[in-house]
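Letter by letter, the chains look like this.
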Amino acid sequence: MQKLEVIITGFGGQGIVLAGRILGQAASLGDHKESTLIQSYGPESRGGACSAQVIISDGTINYPYVRQPDILAAMSQAGFDKFVDQVKPEGFILIDQDLVKPKGLERDYFAVPSTRMAEELGRKMMANIIMIGFITAVTQASTLDATRDTVTKSVPKGTEEMNLKAFSKGYDYGLSLLKARDKKASGQAGALA
């Protein structure tokens, strides 16, 4: 990796900025790369548009804003609609499949039911941590150990175990999805569509 540009988008109250901070810190402190974080949100604290722009690089980062994302992780339809056309042709598009409907998208994307999975854990607020696990598995933007460690250090005291469980759910879901795609590509029986 030379430089990786990431946009995580959703709406206020989903922990989008925290997700961006975790990804950037994992890459910087854990993987010893350079990283920047730019956050953007509307005037509403809950429900308004929100995004985190993260750049991860092996070298110096001269401009902290994402120009053309390598990775788009969308947890809202509005965020998806705003940024999807900016993603590089070889880039990754990841969505919360219950909140984003990629109508008319004529390229590959990865979907995870992060909000539903968080609700099953009893904490809808952890959908962002599930998405970070999914991003880590699918894109390898940061390493598993660095990201897991950063999640532990970034969440409120007393919630570390529950957040690690959420992270693992997203990570495991991503690995399963990649494995199923590999099976399908090789024509093996039992592959998911």
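One structure accompanies this document, and this report is about it. (Residues numbered from 1 in each chain as written. Predicted model: local features only at pLDDT ≥ 70, side-chain atom pairs only at ≥ 80, totals over all residues. Heavy atoms only, no water.)

### Focus: the pattern of salt bridges
Turning to step 1, where the next piece is worked out: Going through the model one piece at a time under the given rule, you end up with eight salt bridges.
Turning to step 2, where the next piece is worked out: Between Asp70 and Lys88 there is a salt bridge, and its shortest N-O distance comes to 2.9 Å. Taken together, the positions of Asp70 in the loop between β3 (49–57) and β4 (71–74) and Lys88 in the loop between α2 (77–83) and β5 (92–96) put the pair 18 residues apart, joining distant regions of the chain.
Turning to step 3, where the next piece is worked out: Taking relative accessible area as the criterion, Asp70 reaches 11% and is therefore assigned buried.
Turning to step 4, where the next piece is worked out: Asp108 is the partner of Arg181 in a salt bridge, and the nearest nitrogen-oxygen pair spans 2.6 Å. Residue Arg181 is found in helix α6 (residues 160–186), and its partner Asp108 is found in the loop between β5 and β6 (110–112); the two are separated by 73 residues along the sequence. (Salt bridge = Lys/Arg side-chain N within 4 Å of Asp/Glu carboxyl O. Helix = DSSP H or I, 4+ residues; strand = E, 2+ residues; numbered from the N terminus. Buried < 20%, exposed > 50% of the residue type's maximum accessible area, 1.4 Å probe, protein only.)

### So, the layout of surface pockets
Turning to step 1, where the next piece is worked out: In this structure, the largest pocket encloses a volume near 190 Å³.
Turning to step 2, where the next piece is worked out: Lining of the largest pocket is provided by Gly15, Leu18, Arg123, Met125, Met126, Asn128, Ile129, Val155, Pro156, Thr159 and Asn163.
Turning to step 3, where the next piece is worked out: For the lining of the largest pocket, the residue count by class is six nonpolar, four polar and one charged. (1 Å grid on protein atoms, 1.4 Å probe; cavity = no way out; pocket = protein on both sides within 12 Å on 5 of 7 lines; lining within 4 Å. Points joined across faces, edges and corners; volume = space filled by probe spheres on them. Nonpolar A, V, L, I, M, F, W, Y, C, P; charged D, E, K, R; others polar.)

### So, unusual backbone geometry
Turning to step 1, where the next piece is worked out: With a phi angle near 60°, His32 is a residue other than glycine that sits in the positive phi range.
Turning to step 2, where the next piece is worked out: Under the relative-accessibility criterion, His32 is labelled exposed at 68%.
Turning to step 3, where the next piece is worked out: Positive phi is not limited to glycine here, since Gln140 has a value of about 55°.
Turning to step 4, where the next piece is worked out: Within the secondary structure, Gln140 sits in the loop between α4 (127–139) and α5 (144–154).

### Let's talk about the nonpolar core
Turning to step 1, where the next piece is worked out: By size, the foremost hydrophobic cluster in this structure holds 38 residues, and its most contacted members are Ile8, Leu94, Ile132 and Phe134.
Turning to step 2, where the next piece is worked out: Of all the secondary-structure elements, those providing two or more residues to this core are β1 (3–11), α1 (16–30), β3, β4, β6, α3 (114–120), α4 and α6.
Turning to step 3, where the next piece is worked out: Per-element tally for this core: the top contributor is α4, with nine residues.
Turning to step 4, where the next piece is worked out: Among residues more than four places away in sequence, those in contact with Ile8 are Ile16, Ala19, Gly20, Leu23, Cys50, Ser51, Ala52, Ala73, Ile132 and Ile135.
Turning to step 5, where the next piece is worked out: Counting 14 residues, the second largest nonpolar core, distinct from the first, contains Ile55, Ile61, Val87 and Ile95. (Core = buried A, V, L, I, M, F, W, Y, C linked by side-chain atoms within 4.5 Å. Contact = heavy atoms within 4.5 Å.)

### Quick word on the packing of aromatic side chains
Turning to step 1, where the next piece is worked out: Counted by the stated rule, this structure contains four aromatic pairs.
Turning to step 2, where the next piece is worked out: Plain terms: the ring middles of Tyr63 and Tyr65 are 5.6 Å apart, the flat faces sit at 50° to each other, and that makes the pair tilted.
Turning to step 3, where the next piece is worked out: Looking at Tyr63, the relative accessible area reads 39%, which means it is partly exposed.
Turning to step 4, where the next piece is worked out: Here the aromatic rings of Phe92 and Phe110 are separated by 6.0 Å at their centres, their planes lie at 40°, and the arrangement is tilted. With Phe92 in strand β5 and Phe110 in strand β6, this pair connects stretches of sequence that are 18 residues apart.
Turning to step 5, where the next piece is worked out: In this structure, Arg181 is placed above the aromatic ring of Phe110, and the distance from its NZ or CZ to the ring centre is 3.9 Å. (Phe/Tyr/Trp six-rings, centres within 6.5 Å; stacked < 30°, edge-to-face > 60°. Lys NZ or Arg CZ within 6 Å of the ring centre and 35° of its normal.)

### Here's the deal with the side chain of Asp70
Turning to step 1, where the next piece is worked out: Here Glu5 takes part through its backbone nitrogen, which lies 2.7 Å from a polar atom of the side chain of Asp70.
Turning to step 2, where the next piece is worked out: Non-local contacts of Asp70, meaning those with residues more than four positions away in its chain, are made with Lys3, Leu4, Glu5, Val87, Lys88, Gly91 and Phe92. (Polar contact = N/O pair within 3.5 Å; in protein donor to acceptor, adjacent residues only side chain to side chain.)

### Overview of α6
Turning to step 1, where the next piece is worked out: Taking 1.5 Å as the rise per residue, α6 with 27 residues should run 39 Å; its terminal C-alpha atoms sit 39 Å apart, in good agreement.
Turning to step 2, where the next piece is worked out: Residues Asn163, Ala166, Phe167, Gly170, Tyr171, Gly174, Leu177 and Ala180 constitute the buried set of α6.
Turning to step 3, where the next piece is worked out: Those residues of α6 that are buried lie in contact with β6, α3, α4 and α5.
Turning to step 4, where the next piece is worked out: One or two positions beyond α6, positive phi appears at Gly187, with a value near 80°. (Expected span 1.5 Å × (residues − 1).)

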